[in-house]
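Understanding the architecture of this molecule
So the chains spell out like this:
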Amino acid sequence: MMYKFVIGFLLMNVLVNAYNPTIYELSLRPWLYELTNKYGKKISKLNDIPMEEFQNLKNIGVDYVWLMGIWQLGKYGLDFDKAHANDYKSNLPDFTIDDVIGSPYAITEFVCNSELGTDQDIINLRKKLNDMGLKLMLDFVPNHSAIDSPYRTSHIDYYIRAPPNTPKPYDSEYYLPDGVSYGGDQWDGFWKDTAQWNYWNQDTRNYLKSVVKKIASMSDGMRCDMAMVILNDLFYNKWKPQLDAWGYKKPSTEFWSEAIKETKQQYPNVIFLAEVYWGKEQDLINLGFDYVYEKWLLDQQATLDVGKVRPILSNLNLNYASHSNHFVENHDEPRAIKKFSGKDYISCVAALMSYSIPGARFINHGQLEGLSNKLDVHLRRSYKENGSTYVKQFYGKILTILKKDVFKSGNWTQLNVSGDQYWKFFAFRWTNATDKIVVIINFSEGSGYGLVKLSDASSGQQTITELMSGQTYVRNGDDMRNNGLGVIVDGWNAQIFKYF
């Protein structure tokens, strides 16, 4: 992680005019199933989606809509998932075999899933989204293809294969009958509905770079699945015996540096978002990614220990933070409420903390409704529930605030909180030409009192507004500058003040 750890809390780091987009993940096929039930008619194609659904996202401040799972899948993956149906009952107790829709990460070809429409339908939808001020994000799954990808037969050399001297039949724990390896990484073993691309073969690289450029031509951004696993050193750690046996040599450059540079020469405004772990976040930023998953903060928040969160935020590396994708849940993680021990109110204040620092703000399908039951990527639905009223109300308030321009592209400063209970608090200031806003968070049990000096407060009496409640207060600007704005904030809660 590129966070600096220091003792104490006094800090005046400033970030100026970084862009902080809101990205909303929609699990596409389950979403269409939801819309079918909502509207009482079949909605199964991209062209069927009522555009007011996207307008609703625009209205709450979303910038990018990630339609997760748009590419063509095969029969092999669907049959594989149906054969493992018992695996899904823990997430969906009333599961039926019809609920299995196949993994969106076992892609046969990067063309629109024929069940959803055509490539032209994607292009047309993007145009409609752009016209209403939204941008479209699509998947790129770099590590592997589906087992039944046509490239496995037409270009078998694009794949990792068993060493030439391997006796047949090949070990089915690792290889398909033709010797192509199942997809995998160095920690998670093998995914037996996938086949592994060979990133040390330049022909494979050239083909997959062409895929990246195609996706860029149809979208405004792409989310790159498990982006770190194809880094040269990690790739060699996993596939050393096969690469050595076939005589492949380490490429002189990383795939991502080539792919991103070449793609942005043609499509300079497309953004790249990396799913990344294992401490490889900064490496991918250095290779050109605009945003990378930042999971370390979430994991420390989930301990419910302010002392573990404090070192992370006490001295952010601002370049790293501004390239981070902040989230409290996504389709791989547990629902935020589950992550935070069933405490919906803590999941909310954790989200506000994550969304109050520079970087992309990520919202998962169902997060705003306060759902607790996970939506498995192999299924068309999650277990039915009403969701959390508290969560719905909380996000209804904060998203209205966070969509302001000052949070999108304003100047950010982390502020000192003083007083005996300073340890409970975090304070973040956002400013631009028209707004001055300070977010004050109590990330602990029990209410606390603190003072936050606002060095840019105007002189004289002024009316400040707490934006979540709408309550106003008369305060003296000189006093706020010299002594600080005094606040009392309930445990696991926040106040957001607009001042002058």
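Each value, and the rule that gives it
- Residues numbered from 1 in each chain as written.
- Predicted model: local features only at pLDDT ≥ 70, side-chain atom pairs only at ≥ 80, totals over all residues.
- Heavy atoms only, no water.
- Helix = DSSP H or I, 4+ residues; strand = E, 2+ residues; numbered from the N terminus.
- Buried < 20%, exposed > 50% of the residue type's maximum accessible area, 1.4 Å probe, protein only.
- Lys, Arg positive; Asp, Glu negative; His and termini not counted.
- Salt bridge = Lys/Arg side-chain N within 4 Å of Asp/Glu carboxyl O.
- Contact = heavy atoms within 4.5 Å.
- Expected span 1.5 Å × (residues − 1).
- UniProt positions renumbered as here; feature names shortened; annotations may be inferred.
- Pairing = 2+ DSSP bridges.
- Axes fitted to C-alpha atoms, helices over the stretch in contact; angles between N-to-C directions.
- Arc of directions from axis to C-beta.
- Polar contact = N/O pair within 3.5 Å; in protein donor to acceptor, adjacent residues only side chain to side chain.
- Parallel < 35°, antiparallel > 145°, perpendicular 65-115°, else oblique.
- Left-handed = near helix turned anticlockwise from the far one by under 90°.
- Nonpolar A, V, L, I, M, F, W, Y, C, P; charged D, E, K, R; others polar.

On to the side chain of Arg161. Residue placement: Arg161 occurs in the loop between helix 5 (151-154) and strand 8 (182-185). Buried charge Arg161 goes without a salt bridge, the closest partner of opposite sign being Asp157 at 6.1 Å. The contacts of Arg161, once residues within four sequence positions are left out, are Ile156, Tyr175, Gly179, Val180, Gln242 and Trp246.

An α-helical segment advances 3.6 residues per turn. Residues three or four places apart therefore align on the same side. Here helix 6 (residues 202-218) contains 17 residues, and its C-alpha end-to-end distance of 25 Å stays within 8% of the 24 Å for a straight helix at 1.5 Å per residue. Of all the positions in helix 6, only Thr204, Arg205, Tyr207, Leu208, Lys209, Val211, Val212, Ile215, Ala216 and Met218 are classed as buried.

In this numbering, the UniProt entry assigns the feature "domain: Glycosyl hydrolase family 13 catalytic" (unreviewed entry) to residues 27-403. For residues 27-403, helix accounts for 38% and strand for 15%, while the C-alpha atoms at its two ends are 23 Å apart.

In spatial order, the strands read 2-3-6-10-11-12-13-14; together these eight strands close into a barrel with parallel pairing. Going from strand to strand, the sheet's axes swing by 30° on average, the running direction of each strand aside. Bridging between strand 2 (residues 22-27) and strand 14 (residues 360-363) involves three bridges; their strand directions are parallel. Each bridged residue has a counterpart across the sheet, and for Ile23 the counterpart in strand 14 is Phe362. Each of strand 6 (135-140), strand 10 (221-224) and strand 11 (271-274) touches helix 8 (residues 255-266); the most contacted strand, strand 11, lies at about 155° to it.

Right, let's get into helix 15 (residues 389-402). With 14 residues, helix 15 should reach 20 Å at 1.5 Å per residue; the first-to-last C-alpha distance of 20 Å fits that figure. Burial in helix 15 covers these residues: Val391, Phe394, Tyr395, Ile398, Leu399, Ile401 and Leu402. For helix 15, the angular spread of buried residues about the axis comes to 150°, placing them on one side. Those residues of helix 15 that are buried are in contact with helix 13 (336-339), helix 14 (344-355), strand 14, helix 16 (405-409) and strand 23 (493-498). If you check the start of helix 15, you find a side-chain oxygen 3.3 Å away from the backbone N of Tyr390, and it comes from Ser388.

To continue, consider the packing of helix 6 against helix 8. Between helix 6 and helix 8, the shortest axis-to-axis distance is 10 Å and the interhelical angle comes to 40°. Taken together, the axes of helix 6 and helix 8 are oblique relative to one another. The two elements helix 6 and helix 8 cross, and the hand of that crossing is right-handed. Between helix 6 and helix 8, the contacting residues are Gln202, Arg205, Leu208, Lys209, Val212, Lys213 and Ala216 on the first element and Phe255, Glu258, Ala259, Glu262, Thr263 and Gln266 on the second. Class assignment for the residues of the contact of helix 6 with helix 8 results in five nonpolar, three polar and five charged.

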